[in-house]
Amino acid sequence: MTDAQQTEPVQNAIKNGGGAVKLSSHLQLHDAPAMYQANKMYVEVSSNGGASVLHAYTYQPTRCDHAVRQFMQDFFDQLFFGHPQYVMGIIHNAASYLPDPIDYLAQRYPQMTVRYQLFGRKDVDSITTSQFQQRVETTYCNGTYRAGPLMQLSLVGTVQEEIGSYMPDFLNLLERSPVLAPVMPWGELSNLKLNSRCDSDDGPILWVRPGEQIVSTTDIAKSPHKKRKTGSNELRNLYSVPRINAPRESLLEDRTYCHADHVGHGLDRSTTAAVGLLKAVHCGASYSTNRIVKDVIAFHPDDFERVATKLQLDLYEPPASQCVQWVEDGKLNQLRREGIRYAHIQLCDNDIYFIPRNVIHQFKTVSACTSIAWHLRHKAYYNDNNSTTDSDHTP
């Protein structure tokens, strides 16, 4: 059989819009994942997990006219209103108009103090934004850097021990987008009525992650808080024969374990929606495609209680410590056998994503990126008396 004869069924499948194409009596070619178009939105059904993700694409991220506003209204209606259908909504390329947040902070707020974690260590130190930018640029290479993560900082002012500042110019940049403006914590789709953006307890916050990496132990920074051992046993070194081993390496995880987003405290604590955007770290390097920056597992909202029980989530804890185990493929297969639905999602540079309430999710950073996120107390989740509806879950 010639190469042309071998590729003909695949070409026909593409021309015919996909579907199953019979190659032989035992072999079939299938579309994966299943995706179909609905009102210029694309619904992706996870082939393994069975949950759905709502996609849309834009190449004019700041265009705002009647057609755009109507499309966004339809998108949010699909995502937030009625019985939950999706684990996430994503508008691709919608954040492309924003500058690199690291460069922006270093230029506009060069002396602002931020906290960062030493690369490969749990020690946290203070640094200025301009110094952090220099360290990122010095250690950046092909999608990752080795200067440690920047801890979260607030864009709407600080309370008590928080880090950050009120940045009205950057908030105005965010609100230029017809995608983001309605879903800001004080936007038209929010149930909150704020006198000032500084009054927001729901964000936005910003943080930077270097990406998960395997690193030689010699490249990991030594802790400044540990004293170096002095002296050595020279006699022992004379008779010991060093073993020939592979170079010692460590996996530096860059993960946020399973959690659900909440607002409120105590008896008033309830699940809520979340909005986020992703900007890959490039350090001036040219690029032609939006690279993958996050790997996500998101569980269907109808399975909230069962997932929380199976994974032993402590919903009163902050997001980073609600769950103590990372959910791998084996665990996902076990949960799927019990009827729990999930979606495996890859988020890219310049994506804006929306997570409805009651969606338990975990994130892994696969390449260096800046994240900006906040909670959304969507009007659809509240009745006329400003209390949460019966479908809301409380810990």
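Residues numbered from 1 in each chain as written. Predicted model: local features only at pLDDT ≥ 70, side-chain atom pairs only at ≥ 80, totals over all residues. Heavy atoms only, no water.

### Describing the pattern of salt bridges
Phase 1: Inspection of the entire model under this criterion finds eleven salt bridges.
Phase 2: As a salt-bridge pair, Arg 377 and Asp 202 come within 2.8 Å of each other at their nearest N and O atoms. Of this pair, Arg 377 sits in the segment after strand S21 (369–376) while Asp 202 sits in the loop between helix H5 (168–175) and strand S10 (205–209), placing them 175 residues apart in sequence.
Phase 3: Judged by its relative accessible area of 6%, Asp 202 falls in the buried class.
Phase 4: Here Arg 209 makes a salt bridge to Asp 254, at a shortest N to O gap of 2.6 Å. (Salt bridge = Lys/Arg side-chain N within 4 Å of Asp/Glu carboxyl O. Helix = DSSP H or I, 4+ residues; strand = E, 2+ residues; numbered from the N terminus. Buried < 20%, exposed > 50% of the residue type's maximum accessible area, 1.4 Å probe, protein only.)

### Some thoughts on the confidence of the model for the protein
Phase 1: Taken over all residues, the pLDDT of the protein has a mean of 84, while the share at 70 or more is 80%.
Phase 2: At the level of individual helices and strands, the protein shows its lowest average pLDDT in strand S1 (residues 21–22), which scores 40, and its highest in strand S17 (residues 292–299), which scores 98.
Phase 3: For residues 2–33, every residue scores under 50 in pLDDT, and the model assigns this stretch 22 contacts once sequence neighbours within four places are set aside.
Phase 4: Here residues 385–390 scores under 50 on pLDDT; set against residues more than four positions off or in separate chains, the count is eleven contacts. (pLDDT = per-residue confidence, 0-100. Contact = heavy atoms within 4.5 Å.)

### Concerning the environment of Lys 310
Phase 1: Its location among the elements puts Lys 310 in helix H7 (residues 304–310).
Phase 2: Distance from Lys 310 to Leu 335, taken between C-alpha atoms, is 8.3 Å for residues 25 residues apart in sequence.
Phase 3: When neighbours within four sequence positions are excluded, Lys 310 is seen to be in contact with Gln 325, Lys 331, Leu 335, Glu 338 and Ile 340.
Phase 4: Among the polar contacts listed, one links the side chain of Lys 310 to the side chain of Glu 338, at a separation of 3.0 Å. (Polar contact = N/O pair within 3.5 Å; in protein donor to acceptor, adjacent residues only side chain to side chain.)

### Overview of unusual backbone geometry
Peptide bonds are trans in most cases, and residues, glycine excluded, mostly fall at negative phi.
Phase 1: The step from Gly 203 to Pro 204 runs through a cis peptide bond, and the omega angle for that step is 10 degrees.
Phase 2: In this structure, Pro 204 sits in the loop between H5 and S10.
Phase 3: Unlike most non-glycine residues, Gln 312 shows phi in positive territory, near 55 degrees.
Phase 4: Its location among the elements puts Gln 312 in the loop between H7 and helix H8 (329–337).
Phase 5: Look at Gln 312 and you get exposed, because its relative accessible area is 63%.
Phase 6: A positive phi angle is found at Asn 350, which is not glycine, with a value near 75 degrees.
Phase 7: Relative to the assigned elements, Asn 350 resides in the loop between strand S18 (342–348) and strand S19 (352–355).

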